[in-house]
Structures are given as C-alpha cells and as structure tokens.
Amino acid sequence: MQKTILLVEDNPNDEMLTIRALKKNNIMNEVIVARDGVQALNYLFAEGEHEGRDMNDQPEVILLDLKLPKIDGHEVLKRIKSDERTKLLPVVVLTTSNEDQDVIASYQLGANSYIRKPVDFDQFIKAVGQLGLYWLVLNEAPKSASLR
Amino acid sequence: MCHSAVTPELVLLTKMSPAEFNKSYIRLIIIAWIVPAMFGLSFLTYIGILNIDQLIGIMMTPMEPAFIVIWMVFAYWYFKRYIQPVVSYLQQPDEINGEAALTCMYRFPLHFWLVFLLYLVSAPTSVILSAEYFTDYVAQPIDWFRIHLVALIVSIIVGLPIFFRMLDLFGNVASSLNLSRPHITIKTKVFMIGALVPLLIDTMIVQYYWTRTGYFTFETFIVWLVLEVLAIAGSLIFVQSFTQSLSPLQDLVNEKPDFRQFSTVNLRPRSTDEIGVLTLSFRRALDELQQHRDNLEELVDERTKELQRLNDELEAFSYSVSHDLRTPLRAIDGFSQAIVEDYAGRLDETGLDYLSRIRGASQTMAELIDDMLQLSRVTRSELNKESVDLSSLADKIIENYRLVEPDRNVKIIVDKGLACVADKNLVMIVMNNLIGNAWKYTGNEDVAEISIGKKTADGQDVFFVKDNGAGFDMRFKNKLFGVFQRLHTAEEFSGTGVGLATAQRIVHRHGGTIWAESVVGEGATFYFTV
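Definitions and cut-offs
- Residues numbered from 1 in each chain as written.
- Chains lettered and ligands numbered in written order.
- Predicted model: local features only at pLDDT ≥ 70, side-chain atom pairs only at ≥ 80, totals over all residues.
- Heavy atoms only, no water.
- Patch = residues over 30% accessible without salt bridge, like charges linked within 9 Å, V, L, I, M, F, W, Y side chains within 5 Å.
- Areas by Shrake-Rupley, 256 points an atom, 1.4 Å probe, with all protein chains shown as cover.
- Salt bridge = Lys/Arg side-chain N within 4 Å of Asp/Glu carboxyl O.
- Lys, Arg positive; Asp, Glu negative; His and termini not counted.
- Charge placed at Lys NZ, Arg CZ, Asp CG, Glu CD.
- Helix = DSSP H or I, 4+ residues; strand = E, 2+ residues; numbered from the N terminus.
- Expected span 1.5 Å × (residues − 1).
- Buried < 20%, exposed > 50% of the residue type's maximum accessible area, 1.4 Å probe, protein only.
- Arc of directions from axis to C-beta.
- Contact = heavy atoms within 4.5 Å.
- Polar contact = N/O pair within 3.5 Å; in protein donor to acceptor, adjacent residues only side chain to side chain.
- Core = buried A, V, L, I, M, F, W, Y, C linked by side-chain atoms within 4.5 Å.
- Pairing = 2+ DSSP bridges.
- Axes fitted to C-alpha atoms, helices over the stretch in contact; angles between N-to-C directions.
- Phe/Tyr/Trp six-rings, centres within 6.5 Å; stacked < 30°, edge-to-face > 60°.
- Lys NZ or Arg CZ within 6 Å of the ring centre and 35° of its normal.
- Left-handed = near helix turned anticlockwise from the far one by under 90°.
- Buried area = accessible area lost by both parts, 1.4 Å probe.

Draft legend 1. Just a negative patch on the surface, in detail. The grouping of B:Asp294, B:Glu297, B:Glu298, B:Asp301 and B:Glu302 at the surface amounts to a negative patch. Along the chain, B:Glu302 turns up in helix α9 (residues 274–343).

Shown next as structure tokens:
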C-alpha cells in the first residue's frame, strides 16, 4: 500500500496548487490535508476528530506551512520532533517566507528540509517534483519510522 | 594650543567696535605717557628738589616736551603690534584672528612694563639734563638718585591704574575669545594694589620729609621699614583671603575638568563675599545642567525604546509582506498556468496572451517584493565586519550568471586579490547588484565586456565594476540610486529599480560612498568604497 503525504496548509489556493503540482509530477500518493496546526497534530497523534486512527499508518512525508491558524508551523514541528512516536517522520517546511530567522528556527527544531514556494508555478511544479522524487522515492526511511 | 570654537553667537557679546577699541587704546597711551611726567615734575617741585622757575624753564625748552612726544609716538608704534590683532579680530572674528589676538594679549603685560620702565628711567635723566642746560639748576649726586626714585614711584603709582584700564580694554573682547588661562591673575592685581601702592606712597612721604627737613635719620629709615613691612604683610593677607575665595574656581581653571561628567561635590564656596556667592551660583548652574543632561538621557532612552518598538513593528510588517503578498501572487500565477494547461483548447491566441501577461506581471511583482524585502533587511541587519575576498566573491556571482544564461558571450576580467573589510553578506548583495547590472545592460552587445578591479584614490581603495553596455545619461546620475528610479524602460531592460538603492544603502552603512560614470552607448563604471 502506498504511503500518504500529509499537507499542512491553510490557504485553499495553495492546497489546490500543491496537489496539482504533485499530480503533474505523477505523484499519486494519497494527500491528507490539515488546514491548521491543531488538525495536523490531531491527525498525527490520532486525537480529536481522528481518534481511533491507526497510528502505524503515518505519512511518508509531511509538507508543513509555517503560518497557520491556531498552532503555527514551528510549534507543530516542535511537537512532531519532540514526540518519540513521530520524531522520525520527515518534515519538509514548504512556505512563502525566506526570512533567515524562519529558516534557522525550522532547522533548529529538526526540519528535514526547507523549501520556499516560488511564485512562478512552473518552478513550483519543479520544486514539488524534486521533493516528491527525493522524499518518496530516493529517501530510505527507517522501516519502523511510524512506530518509533 | 587650544582650538577655539569662536562662534558667531559669542562674537555678538562683544559690545566694542574696532574703532572704539582703537580710540580707547590711543587715549590710554597718551595718558600713560603724559600724566606721570606732569605729576612727577609737579611733585619734584612741590617737595623742593626743583623750584617753580626751574619747572617752567624745563617746560618752555624744546627738549623735555619733544622727549615726551617722541616717547609717546614710539610707545604708540610699539604697542600697535599688540593692539592690531585685537582690532583685526573685532573686524573679522574668525579662529585665526582669535588665536593671534589671544597670543598678543598674553604677551602684552610684560612688554608694557618693560617699555614703561625704560621710559621711567630715561625721563628723569632728560629732566635733569634739560634743567641743568636751560636753567640755573645744578644736580647733586644724591639728586640723581632721588629724582629717579621719585620718577619710578610716581610712574608706577600712575601706571598701575592705566595698566589695569588696558587690561579692561582687552576684557571687553575676552567674552568672545577662547580664554584658556587667565590673562592676569587676581592675586597679582591684589598684590600690586595692596602692597606696591602703599609701599610706594610710604617711600614718597619719606622723600617729602627728607627734602623738607633736609636730613634722613636712622629713625626715619626704621619708620619707613616698618610701614613697608606692614604694607607687604597686609597685602599678603589680602592675597590669602582672595586666594581662599577663589580656590574652588581656581581648581576648575587648573584642572580643566570634563563638564560632561562633572561632580559638583567638591565645588564649595570658601568665602562669604561675591566670589562665594558666584561659586555657589556656578555650582547650582552645573547641577541644573547635570539634571537636564540626565533628563535628556532619559528622553533619549525613551525615544530609543520607541524606535526599537517601531523597528520591531516594521520587521513584523515586512515579514508579513514577504509571506502574505506572495501567497495570492502564487495563486494568480498558478491558476493562470492551470488555465493554459487545462483549457488551452477553448482560448484563442489573445486569451493565451492575456494569461501570459498576467503571469509575467505576477512574477515582476514577486521580484519587487523580494527586492524591497532585501532593501529593508539591509537597513535592519547588524554589521558583522570581517575580511572579505571580493575577487572570489565576484567569481562566484559570475558563475551563477553564466549558469542561468550559458549562451551569452561575455568577457569578464576580475582582478586578483581584491579585498576589503566589510559585512560579507551585505557586500555580496552590492557585488551581485553591480555585476548583475553589468550583465544585464550588456545584453545587447555582440561582445560584452565586464571588468572588476580596484584603484586607489586619496589612499583609499576604490572598487569598480565596469561594462561596455548601454550606459546611462550622466544628467540623470542623481536619480540612479533612488528607490524605484529607473533610467531604462522595462521593455529595454527588466528590473525593479531597487537594486542600486539597496547597494547604496549598504555602502553608506559601511561609511563608504558609491557613484557611477557613464557615456550612453559606451558603458558604465560603478565605483564604491567601504
């Protein structure tokens, strides 16, 4: 069974464009969308509306925006990386900002990659294609990544 | 030498005009040379060394009046050199004239007394000689001594007030001069009046009785001596009293403290006279000044915090500009592209052209946002100065441009060993902007040439980026570094008009300058120092 991708994105336009870009790159993995930090954490930890979800079935990669309602991206990243159950999940920060402080904070919190969304959609497609190729195909995740 | 700040405001305090000053000076010289002579002669007659006929005889002959007039002219000419700089200063109160006036003022007292005493020695000689030549007067050897003594005493007694008036004349100018040490000390003034004058008067009285009684006894000598000692002792006590009054202020004069960090704890009045009151007022004034300074510091602190707050706000603002303005742009571009891809069949050529224009515009705006962000970051970020290898920096930048446009034929020469001390990231932006411009504006040349190097001007390294591209009209050179200012249309050469503004801001933050020279069609050279 193919692994899922968790897209944490509050902007519906960006959500649509990202999914479109994945499709354009023939990445057919199921994309779970979380629209704020709380939804993302609930999904990963099988809490709230996702209570009872099988926690062994964790996404292959998390695409995380930084500016999110309720709980922001950095906080989400911190919780993911500080919890034994999720800390090995690859997190790719996919955001609009290229402020140094955001890049540094993200890597300090354990982000696996940091990509600035380009405005040019062609470039965006290329970027998504490359990260899909890398994280979903080339990268060898630990077998029990989702377990611990 | 103290470098004075002779400011125009200070000069306004001087009430005396140059002409007035000159007039007062001439008047004082005339008084100084005539009054002692007249007084001395009268005294000699009065105590009986000369009789009235001999006095009239002396005055009627040409010798004595000529002697006095010639001396007076000489004195006027001699002291002119001390007066002229002061007059020049009053006419044109600049720093050079101020220094010259000060130097002359400090030299004046010594020279005045030297010349005046010379006059006092020669004047009685001329009196005796003309009296012997033109009248029946015959000088005894003791008379030579006594007449000279009287002349000396009289002249000093009359000369002192005149000397003080001279000093007061300089005092009128002092308010606008950078007086770093006293012209004459109060101690000297007090000693002159308190000891010298009583001492001389005492001597004159003795002279008077000696002539009247015809003899000079041991008793007279003792009385004279006791009076002299009393005069000196009394004067020393006066001096001591003044010294004590003045000591708190005197310390200030000697130590020349830094009034910006001055504690008034030790500035206490040591007398109950005007000087004591003055000291107290001075202390109060300094205290008040200190208080104002403290307030000012508080105010500056407050303002700094306020600025910091505004700066933080600005930072938050540019952050959200970076994030929030780009997001909708991505949607505009992305969905335009989606239409092109998914619905191309339903659009005619014009429709597709419109969509590509929408995409182009959104990308231009994205560039603009990025450039503005960079501009605002340049101002905010801290400077981390280090030694920077500009040559290798330039090589790296050029490599990037060659990667993006591998087909272009650009000949680039980068001089070896270009180095400076600057913030590496910021200098990178400057070089990137300048090289980027050179690259861009040589786009229409068959053989583009760019050279990057260094020359030295006034001992300072001036780095340059030179190209043979489109160049610009030097008439618009002051627009070159303005934000959003462009000298070419977007169709000729793309760009946002922010790059050079950013470069200039970086160079200015390093305390350097940036400028450009160009001939239209022949290329441009950009120079900068850091």
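Draft legend 2. Main features of helix α11 (residues 390–404) of chain B. Residue and element names in this part refer to chain B. Between the first and last C-alpha of α11 there are 21 Å, a value that for 15 residues agrees with the 21 Å anticipated at 1.5 Å per step. Three or more residues of α11 are buried, namely Leu390, Ser391, Leu393, Ala394, Ile397 and Ile398. Buried residues along α11 cover an arc of 160 degrees about the axis, so they all sit on one side. Seen from the buried face of α11, the exposed residues on the opposite side, beyond 90 degrees, are Glu399 and Leu403. Packing partners of the buried residues in α11 comprise β1 (385–389), β2 (410–414), β3 (419–423), α12 (424–441), β4 (448–457) and β5 (460–467). The N-terminus of α11 is capped by Asp389, whose side-chain oxygen sits 3.1 Å from the backbone nitrogen of Ser391.

Draft legend 3. Region of interest: α12(B). Helix length check: α12(B), at 18 residues, gives a terminal C-alpha distance of 25 Å against a target of 26 Å (1.5 Å per residue), a fit within 8%. With 13 of its 18 residues buried, α12(B) lies for the most part within the structure.

Draft legend 4. Structural detail: the nonpolar core. Residues and elements named next belong to chain B. Grouped together as the largest cluster of nonpolar side chains are 66 residues, with contacts concentrated most on Phe21, Trp33, Phe79, Tyr119 and Phe163. Of all elements in the fold, only α2 (18–47), α3 (52–60), α4 (63–91), α5 (95–134), α6 (141–174) and α7 (186–213) reach the threshold of two or more residues within this core. Top contributing element to this core by residue count: α6, with 15 residues. Sequence-distant contacts of Phe163, that is, excluding residues within four places in its chain, are made with Phe108, Pro109, Phe112, Trp113, Ile184 and Met192. Counting 39 residues, the second-largest nonpolar core is a separate cluster that includes Met431, Leu434, Phe481 and Phe526.

Draft legend 5. Focus on the sheet that holds strand β7 (residues 523–528) of chain B. Residue and element names in this part refer to chain B. Read from one edge to the other, the open sheet built from five strands follows the order β2-β4-β5-β7-β6, with strand pairing classed as mixed. In this open sheet, the two edge strands, each paired with only one partner strand, are β2 and β6 (514–519). Across this sheet, the average inter-strand angle for adjacent strands is 20 degrees, counted without regard to direction. Direction of pairing for β2 relative to β4: parallel, over a ladder of five bridges. Within β4, the residue paired with Lys411 across the bridge is Glu449. Taken strand by strand, α11 contacts β2, β4 and β5, and its axis lies near 165 degrees from that of β2.

Draft legend 6. Seen up close, the packing of aromatic side chains. Under the counting rule described, the total for this entry stands at 36 aromatic pairs over all chains. With a centroid separation of 5.3 Å and 70 degrees between ring planes, the pair formed by B:Trp33 and B:Phe116 is classed as edge-to-face. On the criterion of sequence distance, the pair formed by B:Trp33 in helix α2 and B:Phe116 in helix α5 is long-range, its members being 83 residues apart. Taking the relative accessible area as the measure of exposure, B:Trp33 reaches 0% and is therefore buried. Judged by its relative accessible area of 0%, B:Phe116 falls in the buried class. In this structure, A:Arg53 is placed above the aromatic ring of A:Tyr43, and the distance from its NZ or CZ to the ring centre is 3.7 Å. Above the face of the B:Trp77 ring, B:Arg81 is positioned so that its terminal group lies 5.4 Å from the ring centre.

Draft legend 7. Layout of the packing of α12(B) against helix α13 (residues 499–509) of chain B. Residues and elements named next belong to chain B. Where α12 contacts α13, the two axes come as close as 9 Å, and the packing angle between them is 145 degrees. Between α12 and α13 lies a crossing of left-handed hand. Two secondary-structure elements touch here, α12 through Leu426, Ile429, Val430, Asn433, Leu434 and Asn437 and α13 through Gly499, Leu500, Thr502, Ala503, Ile506 and Val507.

Draft legend 8. Expanded view of the interface of chain A and chain B. Across the boundary between the two partners, chain A contributes 24 residues, which contact 25 residues of chain B. The junction of chain A with chain B conceals about 2200 Å² of combined surface from both sides, 49% of it contributed by carbon and sulfur atoms. Summed over the three residues of chain A that lose the most area to chain B, namely A:Lys67, A:Glu99 and A:Val119, the buried surface amounts to 30% of that side. The tally of links between chain A and chain B comes to seven salt bridges. Note that A:Lys24 is salt-bridged to B:Glu341, the shortest N-O span being 2.9 Å.

By themselves these figures say nothing about function.
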